[in-house]
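# Examination of the molecular architecture
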Amino acid sequence: MEIDGFLLGLSVFLHFHVSVSSEATCKLKAKFNLSGYKDVEKKKVIIGGMFPVHKTIASSDANTSGLPVSLGCEGFNYRTFRWTQTMVFAINEINNMDDLLPNTDLGYVIYDSCFTISKAVEGTLTYLTGQDEAVPNYRCGTGAPLAALVGAGGSDLSIATARILGLYHFPQVGYCSSCSALESKFQFPTFLRTIPNDKHQSTAMAQLVLHFGWTWVGTIAADDDYGKYGIKDFKEQVEEAGVCISFSETLPKVSSPEDIHRIVQTVVESTAKIIVVYSSDVDLSPLVLELLRQNVTNRTWIASEAWVTSALINQPGVSSVLGGTIGFAVKRANIPGLQQHLLDLDPYADPLTEEFWETLFNCTLDYGTALRKSNERASVFDGTAPKAIRVGPDGLCTGSESLAQLNNTYSDISQLRITYSVYKAVYAVAHALHNLEHCKEGQGPFIGIGCADITKFEPWQLMYYLKNVRFKVPHTDEEVYFTDGDVEGFYDIINWGVEGNGEISYVTVGHYNGTATLGERMAIIDDSIVWNTEALEPPRSVCSENCKPGTRKGIRQGEPVCCFDCIPCADGEISNMTNARECVLCSGDHWSNEAHDACVAKIIEFLAFGEPLGITLIVISTFGALVTIAVGVVLFMHVGSPLVKANDALLSFLLLFSLVVTFLCSIVFLGEPQHWSCMTSQVALALGFALCLSSLMGKAAVLMLRAQALKAARARSKAAAKAAKEAAANSGSPDVIVTNTTNLSDALAAAPQPDVLTSAHQRAIAVMATLIQALACTVWLIILPPYPMKNTSAQNIKIILECSEGSVVFISCIFAYDILLALLAFIFAFLARKLEDHFSEAKCITFGMLVFFIVWISFVPAYLSTRGKFMVAVQIFAILASSFGILACIFLPKCYILLIKPERNTEEMMRPHARPRDGTSTGTSASLATGATDVNATTASTAIDD
């Protein structure tokens, strides 16, 4: 109240100051050209109204050489003219009521804003002045007090008038100004409205878009505060929810064919199927005509309340373009008696009604004008016009034309929505006046608990009652009250259905209540909606289709976030939701399935006993062990034979035992790895090969020494033969000398020297070499033993159960030792390969070691190139192949002689045989078991023969 008092004092001061100065300088600068309705005679209170009866102001030649004249208006709007008549009807209805303002007759002053801010300002200033001339800060009228202004139409118009009216704290009640900017009481302290705030509508549009899953929409807004603020609120809400704006266009306020054509091209080229339009019907109309001309179909339009039920937009033929439109409309109501009032209009009542009549029936009510036009047309016929035309003027209205026979917007009361809002605005002012008039003295709201006088109240006093008014609307019983100047945000959701004749019908498919809880605000029946699509189902409007589970969204550089590529998740990653931004990595024991939408347990893999490969390896290993045992049995049965005795039977049995160990240890590699199996398999393999190779090395060492001894004996024999030949030459008997030399060589070969390494030495070498390996394996098992492990890195989809070596250094040293033994055995045997007899064991060992090396050299790349259970299989095959190679090379010739050629198993066959090339002979590995004769003895016996 203190603020109100301050503003009142400031207004009085300004009024007084201007009054004093105006005595000398007051001058009327121009006269406004306003059209409208007035009924102020003998009225107690006047209510102002402002309606955009025309669509725009008339064009001007911009000539400033004369006195400026306020421009007229053009483009009669039947819909808004109905709003004007509704205000007149409501005031007349109130004046006839006994329970509302029974002692007060209301008058009205209604101006045409022409849907233009300048005209709205003209009307406001004129209204405040009280006369046809506008004199700011002055109230020149002497009649009834002004109550409030109902209007001024669109949001832009109301904002302009509200800024002026707010200076004087003059009440204003808007009926179709829904712009959210008007909610600011700091800028517009006296503005109230009976239409919901656009914040509710913007939220409703956003929820509608989200309800149907549209993420790619275009927006079109009028170039005014209504369009700009409405579409701004809508964008903020949908973009926060992840919806992208494909395009955003602005409708020009002044018709521009170039701009309209550009907007239509944008709509055609865009992939967005949903277009939200925040505009009045007047601004949108040129765009709709161009859309029809270019036949732009397959789009769904989201309409704001300003045009969703407008007959200006719903013209014949728009169903192909706008059919299926969904929009939000304010509350609808039936107003009894209104249609009769509209039809009983007197065409001669005032100029505005005359213009309406003449525009509607395409005639003129002025006889002189009709006669002039008739004569102009008659002159075209050069006096040959029909007599009927020359007798009476053509195009003259009778004034008795029937409005009821015309099915036009003016008389159509099927969708009374803004009309109902006008009706409520008038009743809001009337109820506020009623409360002011019936204030009880001593119980008033003003300073000193006073009341205002209905005959001379101030605008700010009525403003108090208007802000706090609460009433029920006649015929509908809707309760109206203002909360900070706004009413509740309730809308009907309207769908543009198409009837059989191609006309548009408005079907209510849901409701929106902005005051309800968030989850209950919108109620919509999806199945009842008619869509403007070929499939007759909700359209899809997305820049990119949803990314299915198993993929993730990859944002396209430089494009909105709704435009993306669906990138498949990498192996081992999943996404189990639509439009996942990232793929989730599966845990160590899990892997992505084929669709990459779930983590599944990895396959546990090891070389099992029961699978075909495992069974095959067991059979081969068992077969190898049995064959080895069979060979041992054969040797045991012929243990006393020359062949077995010549090759050290005990060492041969040790060698066979080691081969049995290597054959059987391969079976331990099969099955699920355990601690015992990991240690046993590797250690048994290392020890088995150590015993086998060390035994072969002992045999080869003996053979090598024999070969070296024989080589030395031959050298001495050749020297003795040479000396004998020289002696014979000196004696003159060369023939005798040659014969004796041959006999000398045979005798020399038949007298071998004893071995440096005996059988005991060979066995000791095998045992010591094996003990060294056993000691190394023991240290390995104590410090860093092999252990079972889960290998999750070798293969993505599998967990390989395998044995870890524990220490790469230890296992490398252990098997390097076996390789060293094999290498020494090979070298020794190779050096002894020229020991020639019927059975040369040195050659057998040489070939056996070659097979061993070939197998294991081939094993290394094969082992490194395989994974999982096949690594174990490759290792077992290498063990078996090398074991079979040694067994075959060493024992197959012996078994052949023992079983197939027993006649060769004699002492004679174990002795040396002569060389056919020079008559000399070499020793045999079997016959040289007892040693070679000394060169001196050979020389002595030769001398005796001579």
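Residues numbered from 1 in each chain as written. Predicted model: local features only at pLDDT ≥ 70, side-chain atom pairs only at ≥ 80, totals over all residues. Heavy atoms only, no water.

## Re the overall build of the chain
Quick reminder of the rule: Each helix is a run of H or I in the DSSP string that is no shorter than four residues. Each strand is a run of E no shorter than two, and both are numbered from the N terminus. Any pair of residues with heavy atoms lying within 4.5 Å of one another is described as a contacting pair. Exposure was quantified through the Shrake-Rupley algorithm and a 1.4 Å probe, taking into account, for residues, occlusion by the shown protein chains and nothing else.
Of regular secondary structure, the chain possesses 26 helices and 27 strands. Looking at the chain alone, contacts between residues at least 24 apart form 71% of all its contacts between residues at least 6 apart. A total of about 44,200 Å² of accessible surface is found on the chain, and carbon and sulfur atoms cover 59% of it.

## So, the state of the cysteines
Under the convention used in this document: For the purposes of this analysis, a disulfide is any pair of cysteine sulfur atoms at a distance within 2.5 Å. Using a 1.4 Å probe on the protein chains alone, a residue whose accessible area is under 20% of its type maximum counts as buried, one over 50% counts as exposed, and one in between counts as partly exposed.
Applying the stated criterion to the full structure yields nine disulfides. With a sulfur-sulfur separation of 1.5 Å, Cys73 is cross-linked through a disulfide to Cys114. What sets the handedness of the Cys73 and Cys114 disulfide is the S-S torsion sign, and at about 85° it is right-handed. Placement of Cys73 in strand S4 (residues 73-76) and of Cys114 in the loop between strand S5 (106-112) and helix H3 (117-129) is noted, with a sequence separation of 41 residues between them. We classify Cys73 as partly exposed; its relative accessible area is 25%.

## Thoughts on the environment of Pro788
Mapped onto the secondary structure, Pro788 falls in strand S26 (residues 787-791). Residue Pro788 is classed as partly exposed on the basis of its relative accessible area, which comes to 24%. Counting along the chain gives 16 residues from Pro788 to Ser804, while the straight-line C-alpha distance between them is 6.0 Å. Leaving out residues up to four positions away in the same chain, Pro788 has contacts with Pro673, Gln674, His675, Cys678, Glu802 and Cys803.

## Digging into the sheet that holds S5
The criterion, for reference: By the convention used here, strands pair only if DSSP detects at least 2 bridges between them. Fitted lines through C-alpha atoms serve as axes, helices being fitted only where they are in contact, and the angles separating the N-to-C directions of these axes extend from 0 to 180 degrees.
A sheet is described by the order of its strands in space; here six strands give the open sequence S1-S5-S2-S6-S7-S8, paired in mixed fashion. Both edges of this open sheet fall to strand S1 (36-39) and strand S8 (191-193), since each of them pairs with a single strand only. Taken pair by pair, the neighbouring strands of this sheet meet at an average axis angle of 25°, ignoring direction. In this sheet, strand S6 (residues 146-150) lies alongside strand S2 (residues 45-51) in parallel orientation, the contact comprising three bridges. Paired with Ile46 across the bridge in S6 is Leu146. Docked against the sheet, H3 engages S2, S5 and S6, running at close to 175° with respect to S2.

## Notes on empty space enclosed by the protein
Applied cut-off: Definitions used throughout: a 1 Å grid over protein atoms alone; a cavity as a set of points that fits a 1.4 Å probe which cannot get out; a pocket as an open set with protein on both sides within 12 Å along at least five of seven lines; a lining residue as one with an atom within 4 Å of a point. Grid points are joined across faces, edges and corners, and a volume is the space filled by probe spheres set on the points. Just so you know the grouping, Ala, Val, Leu, Ile, Met, Phe, Trp, Tyr, Cys and Pro go in nonpolar, Asp, Glu, Lys and Arg go in charged, and all remaining residues, Gly too, go in polar.
Scanning the entire structure with this criterion turns up three cavities of 30 Å³ or more. Volume-wise, the largest cavity comes out at about 150 Å³. Thr194, Lys424, Glu478, Val487 and Glu488 are, among the 16 residues lining the largest cavity, the residues nearest its centre. Of the residues assigned to the lining of the largest cavity, the class counts are eight nonpolar, two polar and six charged.

## Side note on the pattern of salt bridges
Note the following rule: Any Lys or Arg side-chain nitrogen found within 4 Å of a carboxyl oxygen on Asp or Glu counts as a salt bridge.
Under the counting rule described, the total for this entry stands at 23 salt bridges. For Lys119, the salt bridge identified is with Glu122, shortest N-O distance 3.4 Å. On the criterion of helical spacing, the pair formed by Lys119 and Glu122 is a turn pair, its members being three residues apart in helix H3. For Lys119, a relative accessible area of 2% gives the class buried. The partner of Arg556 in a salt bridge is Asp565, with the nearest N and O atoms 3.1 Å apart. Among the residues examined, Asp565 registers a relative accessible area of 38% and is labelled partly exposed.

## Some thoughts on a nonpolar patch on the surface
The condition that has to hold: Each patch is built from residues that are more than 30% exposed by relative accessible area and take part in no salt bridge. Like charges join if they lie within 9 Å; nonpolar side chains (Val, Leu, Ile, Met, Phe, Trp, Tyr) join within 5 Å.
Residues Leu775, Val779, Ile782, Ile783 and Leu784 make up a contiguous nonpolar surface patch of roughly 480 Å² in combined accessible area. Following the sequence through the fold, Leu775 ends up in helix H21 (residues 759-783).

## Remarks on the layout of surface pockets
Approximately 960 Å³ is the volume found for the largest pocket. Along the wall of the largest pocket there are 37 residues; nearest its centre are Gln682, Ile811, Phe859, Tyr863 and Gln875. Counting residues per element, the ones that place at least two in the lining of the largest pocket are helix H19 (675-731), strand S27 (798-804), helix H22 (808-831), helix H23 (841-864) and helix H24 (869-900). Taken together, the residues of the lining of the largest pocket break down into 26 nonpolar, seven polar and four charged.

## Details of the packing of H23 against H24
Test applied: Angles are sorted into four bins: roughly parallel if under 35 degrees, roughly antiparallel if over 145, roughly perpendicular if 65 to 115, and oblique for all others.
As a packed pair, H23 and H24 sit with axes 9 Å apart at the nearest point and diverge in direction by 170°. Considered as vectors, H23 and H24 are oriented roughly antiparallel to each other. Grouping the amino acids of the contact of H23 with H24 by side-chain chemistry returns 20 nonpolar, four polar and two charged.

## Let's talk about the confidence of the model for the chain
Cut-off, in case you're wondering: One number per residue, pLDDT, summarises how confident the predictor is, and it ranges from 0 to 100.
Mean pLDDT over the chain stands at 83; residues scoring 70 or higher make up 85%. Contacts for the low-pLDDT stretch residues 1-24, under 50 throughout, to residues beyond four places or in other chains number 14 contacts. In the model, residues 385-392 has pLDDT below 50 throughout and makes five contacts with residues more than four positions away in sequence or in other chains.

## Side note on the packing of aromatic side chains
What counts here: Whether two aromatic rings pair depends on their centres lying within 6.5 Å, for rings of Phe, Tyr and Trp, where Trp uses its six-membered ring; planes under 30 degrees apart make the pair stacked, over 60 edge-to-face, and the rest tilted. Ring-over charges, as used throughout, are those where CZ of Arg or NZ of Lys falls within 6 Å of the ring centre and within 35 degrees of the ring normal.
Under the counting rule described, the total for this entry stands at 35 aromatic pairs. Plain terms: the ring middles of Phe76 and Phe356 are 5.8 Å apart, the flat faces sit at 40° to each other, and that makes the pair tilted. In this pair, Phe76 is assigned in strand S4 and Phe356 in helix H11 (residues 351-361), connecting sequence segments 280 residues apart. Arranged with centres 6.1 Å apart and planes meeting at 90°, the rings of Phe826 and Phe853 form a pair that is edge-to-face. Pair noted here: Phe826 is in helix H22 and Phe853 is in helix H23, with a separation of 27 residues, a long-range link. Among the aromatic residues, those joined into a ring-pair cluster are Phe689, Phe826, Phe830, Phe852, Phe853, Trp856 and Phe859. Sitting above the plane of the Phe490 ring, Lys331 keeps its charged end 5.1 Å from the centroid. Here the basic side chain of Arg470 rests over the ring of Tyr481, its NZ or CZ set 4.1 Å away from the ring centre.

## Remarks on the packing of H22 against H23
To be explicit about the condition: Less than a right angle of anticlockwise turn of the near helix away from the far helix marks a crossing as left-handed, whereas a clockwise turn marks it as right-handed.
Relative to each other, H22 and H23 sit at 145°, their axes nearing to 8 Å. Our pair here, H22 against H23, has a crossing hand that is left-handed. When H22 is examined against H23, the residues Ile819, Ala822, Leu823, Ala825, Phe826, Ala829 and Phe830 are found in contact with a partner set consisting of Ala842, Ile845, Thr846, Met849, Leu850, Phe852 and Phe853. Its residues assigned to classes, the contact of H22 with H23 shows 13 nonpolar, one polar and no charged.

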